[in-house]
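# Coordinate analysis (summary)
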Amino acid sequence: MPRFDTGLAASIALGAVLRILPIEEWSRRPCVRDECTYGDLASSIWRGQGMVGTRGWLWAPGYPSIIAAHVKLFGKMKDVKYTQVIIACLTIWLVWRFTKAHFGSRAAFIAAMLLAVNPTHIFYASSLWSECFYTALLFGMVSAVGWARGEAPGVEASEAPAHWSRGVLVGVLLGACVLFRGVATYMLPCIAVTLLWGRTRSVAAWKTVVATTLAAALVVSPYSAYATQKFGGFVLSDRTLGQMMWLGNNDYAPISFDYGNGIIDDREFDRITGTGRPHCDFELSPTRQDACEMAAGAAWIKANPTEFVSRVPLRVSQMLTPHSLLTRNLRTGRWKSLPAAGEEALIVLVPVFSFVVMVGGTIGAFARGRGWYLVGAALIVAYHVAAIACLAGLSRYRVPLEPLWMVFAGGLLADPRAAWVALKADHRRLWGAVGVTAVLLVLMLRFLPVAWPLWRSWW
């Protein structure tokens, strides 16, 4: 019988309480931008209209469908937040379990706590955003990769070969990721490389990749067929790439919606976007409108290749800002009833956790990361960052990636001395850690001051 772990129990209990309290305290808080759209889409679904386009955006159906199901079952959209508390606790358990298998109990407790008490993750779990579900699906998929490889704590894959059918679970979770977030559409190569890492001569490994691919296709295909027929153009999960190109590849600087480095006022949004190329005709179907925006964005990139490349650091900095949409909600007064000191403390804690996770995780990855998990986590993070580097950045796009890095941060913080010894023993890893961390700090620090009106910039 498994031994009861008080650290895990404390992490889950604390994580649950901290996520339930905001739901009860701020249940009547007005929705913000995408929250409102999720609610509108959910209303369309439970009223029988299915997924619809919203001013050229055709979003992935996963999260609106989940909200709609809660309205059908329980009568209120708000009730999905309590399910998100359960999903968040499941993710805490997965992070704990995975970190323990790789770095031991102390590291597992630290990693689990980094997620349990993280203000940004608490905010998303208690709000109408898809991040909580996508985070769980993404980390669950990576955990399933380890299971599909036949690896257990202290056991190499070659010693414990797994049946190829385990790839089905990986594929199901990958397909679910695609249905929740369009950016996951092209993540399959990352997963295939991770499944095959160190096992390219194994027939079972290649069969696992095939099983993963087929399972993912079977999960996505029913909605893809429905949406393609309904909207008169091919749809896999969403059609938002053109809209993202309009935001990030236009005559104005790439648009974000975070506090201090983005737009939070609709009039300001209209003023700025009015200086660039106009939208394609909204009377077009969502697929045709998106195709039109993609063509216009590609034409802009072709005409402005130097400008396109020069904006890459800005887009990545927008994504890696140490603040989050919680900062925006606090600074704009949407989370009322908190004392001023409490608001300021949260605004400080958000970047503190970001630096611990991203910087600590990066150093930990170079120091203690090994094998397939290092490869898989690095590929998934690099893929998401590369996608944003070509479009427009927002802090919420970073959030689902953080638990992957919490594993490494837990390994670093649990035994800093061992991490330092490991880095000194391999100069390539040492200088890799120094170089990547230096670049990461530059990108993260760019927008650090924006949350404080008396500071706002470095110069």
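Quick look at the structure, then. (Residues numbered from 1 in each chain as written. Predicted model: local features only at pLDDT ≥ 70, side-chain atom pairs only at ≥ 80, totals over all residues. Heavy atoms only, no water.)

### Examining a nonpolar patch on the surface
Here is the rule we go by: Exposure above 30% relative accessible area and the absence of a salt bridge qualify a residue for a patch, where like charges join within 9 Å and nonpolar side chains (Val, Leu, Ile, Met, Phe, Trp, Tyr) within 5 Å. Shrake-Rupley sampling with a 1.4 Å probe provides the accessible areas, and residues are treated as covered by the protein chains on show and by no other component. By convention in these notes, a salt bridge is any Lys or Arg side-chain nitrogen within 4 Å of a carboxyl oxygen on Asp or Glu. A simple rule labels every residue: compare its accessible area, found with a 1.4 Å probe on the protein chains alone, to the largest value its type can have, and call it buried under 20%, exposed over 50%, or partly exposed in between.
On the surface, a cluster of nonpolar side chains totalling about 210 Å² of accessible area is made up of V348, L349 and V352. Judged by relative accessible area, which is 36%, L349 ranks as partly exposed.

### As for the nonpolar core
Applicable threshold: Remark: nonpolar core denotes a set of buried residues (Ala, Val, Leu, Ile, Met, Phe, Trp, Tyr, Cys) joined through side-chain atoms within 4.5 Å. Secondary structure follows DSSP: runs of H or I at least 4 residues long count as helices, runs of E at least 2 residues long count as strands, and numbering of each begins at the N terminus. By definition in these notes, contact holds between two residues if any of their heavy atoms fall within 4.5 Å.
Counting residues in each nonpolar core, the largest one holds 98 residues, and the members touching the most others are L138, M141, M187, Y373, I380 and L404. The biggest single contributor to this core is helix 7 (residues 131-148), with 12 residues. In this view, M187 contacts Y134, L138, M141, L174, C177, I380, Y383 and H384; residues no more than four positions away in its chain are not counted. Formed by 23 residues, the second largest nonpolar core is a distinct cluster that contains V316, L320, A389 and M444.

### Brief notes about the side chain of R277
Heads up, the condition is: In summary, the charge assignment counts Lys and Arg as positive and Asp and Glu as negative, without counting His or the chain termini.
Residue position: R277 is located in the loop between helix 12 (266-273) and helix 13 (286-303). Buried charge without a salt bridge: R277, with E293 as the nearest opposite-charge side chain at an N-O distance of 4.6 Å. Excluding its chain neighbours within four sequence positions, the residues that come into contact with R277 are M245, W246, N249, N250, D251, E293, A296, G297 and W300.

### With respect to empty space enclosed by the protein
Put simply, the rule is: Here a cavity is any set of points on a 1 Å grid over the protein atoms alone where a 1.4 Å probe fits but cannot get out, and a pocket is any open set with protein on both sides within 12 Å along at least 5 of 7 lines; a residue lines the site when it has an atom within 4 Å of a point. Grid points are joined across faces, edges and corners, and a volume is the space filled by probe spheres set on the points. For this classification, the nonpolar set comprises Ala, Val, Leu, Ile, Met, Phe, Trp, Tyr, Cys and Pro, the charged set comprises Asp, Glu, Lys and Arg, and every other residue, Gly included, is treated as polar.
Inspection of the entire model under this criterion finds 2 cavities of 30 Å³ or more. Empty space within the largest cavity amounts to approximately 90 Å³. Only helix 4 (80-103), helix 6 (119-125) and helix 7 provide two or more residues apiece to the lining of the largest cavity. Here the lining of the largest cavity gets 4 residues from one element, more than from any other, and that element is helix 7. Within the lining of the largest cavity, the residues separate by chemical class into 7 nonpolar, 3 polar and 2 charged. Around the second largest cavity sit V142, V145, I191, T194, W372, G376 and I380, which together line it. Contributing elements (two or more residues each) for the lining of the second largest cavity: helix 7, helix 9 (188-196) and helix 18 (371-389). Along the lines of polarity and charge, the residues of the lining of the second largest cavity split into 5 nonpolar, 2 polar and no charged.

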